[in-house]
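For reference, the chains in residue letters:
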Amino acid sequence: MNYEIMKESERGLQQKFLKFCNHVYETWQFVNKIIKSKTPSKNDMNQVLEMEEMSNHFEAQIQDDGIWSISKNEPLANHLRYVIAVIKSSNDLERMADYAVSAVKFFVNNKVIDSIRTLSLNILKSALLTMNKVFISMKTNPAIDTYKICEVAHKNFRKEYISNLKTLSSILKKSTVDEISNLFQGAIVIIKHIERLVDHLSNICENFVFIKQSDFFFDKHSKQLDK
């Protein structure tokens, strides 16, 4: 009976977590739309703040449900790891939502030149494609398969990211000192935040591999040290 209760608890957490994933993806799709508009408004900013506040509620609810499940069901190792993976991953999702607020604030509060806007959109497009691939895979595939999909997508994203950084470098060379001090420092921060979206996706995938492969992180870190 306890096993069935634990499995039902897992299904409930999974449903809430996947809804959280969809919410974060939709938030960033909205950010993409705002950046494209070239005329972001305070109303746009308020909508993103509301979406970020909803992310806080998602994270808090998942954490409460996870802790309640642990205290009530006295879970075995795999279920305990599952709850821990969901709680840790919900924190990654909440950070991804935080970055959306920073991005919109930058475009609302600054008159961003077209070259920087285009560059940001290029990087964000690649990040959204990666996000979409990972979230779709999470709904149907085993954790290790989703991790592999994310790993390939992350490498492809890095190539495009580095290429876009070279473009940023060429833009900077053509800019005045005032432009660099007033605008480009903020742009670099936003571009870095977009890159972090994909880093958080990798964290999430690793968290779920950990459920059935508890030595996964040790093996990964050992391989990194051997390089």
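Here's what I pulled together on the structure shown here. Because the structure is a prediction, the values reported are computed rather than measured.

About the thresholds
- Residues numbered from 1 in each chain as written.
- Predicted model: local features only at pLDDT ≥ 70, side-chain atom pairs only at ≥ 80, totals over all residues.
- Heavy atoms only, no water.
- Helix = DSSP H or I, 4+ residues; strand = E, 2+ residues; numbered from the N terminus.
- Buried < 20%, exposed > 50% of the residue type's maximum accessible area, 1.4 Å probe, protein only.
- Contact = heavy atoms within 4.5 Å.
- Areas by Shrake-Rupley, 256 points an atom, 1.4 Å probe, with all protein chains shown as cover.
- Salt bridge = Lys/Arg side-chain N within 4 Å of Asp/Glu carboxyl O.
- Axes fitted to C-alpha atoms, helices over the stretch in contact; angles between N-to-C directions.
- Parallel < 35°, antiparallel > 145°, perpendicular 65-115°, else oblique.
- Nonpolar A, V, L, I, M, F, W, Y, C, P; charged D, E, K, R; others polar.

Looking only at helices and strands, the protein features 7 helices and 0 strands. Along the protein, from the amino end to the carboxyl end, the secondary structure elements read α-α-α-α-α-α-α. A total of 227 residues make up the protein; the buried ones form 46% of that total. Partitioning the intrachain contacts of the protein with sequence separation of at least 6 by distance along the chain shows that 84% fall at a separation of at least 24. Carbon and sulfur atoms make up 54% of the accessible area of the protein, which totals about 12400 Å².

On inspection of all chains with the given rule, the structure shows 6 salt bridges. Asp98 serves as the salt-bridge partner of Arg95, at 2.7 Å between the closest nitrogen and oxygen. One end of the pair is Arg95 and the other is Asp98, both in helix H3 (residues 77-109) and 3 residues apart, which spans about a single turn. For Arg95, a relative accessible area of 31% puts it in the partly exposed group.

Tracing the sequence through the fold places Glu195 in helix H6 (residues 177-209). Those residues in contact with Glu195, other than ones at most four positions away along the chain, are Phe157, Arg158 and Tyr161.

Where helix H4 (residues 114-140) contacts helix H5 (residues 143-173), the two axes come as close as 10 Å, and the packing angle between them is 180 degrees. Between H4 and H5, the interaxial angle falls into the category roughly antiparallel. Here Ser115, Ile116, Leu119, Asn122, Ile123, Ser126, Ala127, Thr130, Lys133, Val134, Ser137 and Met138 of H4 lie close against H5, whose contacting residues are Thr146, Ile149, Cys150, Ala153, Phe157, Glu160, Tyr161, Asn164, Thr167, Leu168 and Ile171. For the contact of H4 with H5, the class distribution of residues is 13 nonpolar, 8 polar and 2 charged.

A negative phi angle is the norm for most residues apart from glycine, just as the trans form is the norm for most peptide bonds. Although it is not a glycine, Lys38 sits at a positive phi angle of roughly 70 degrees. Here Lys38 lies in the loop between helix H1 (2-37) and helix H2 (42-73).

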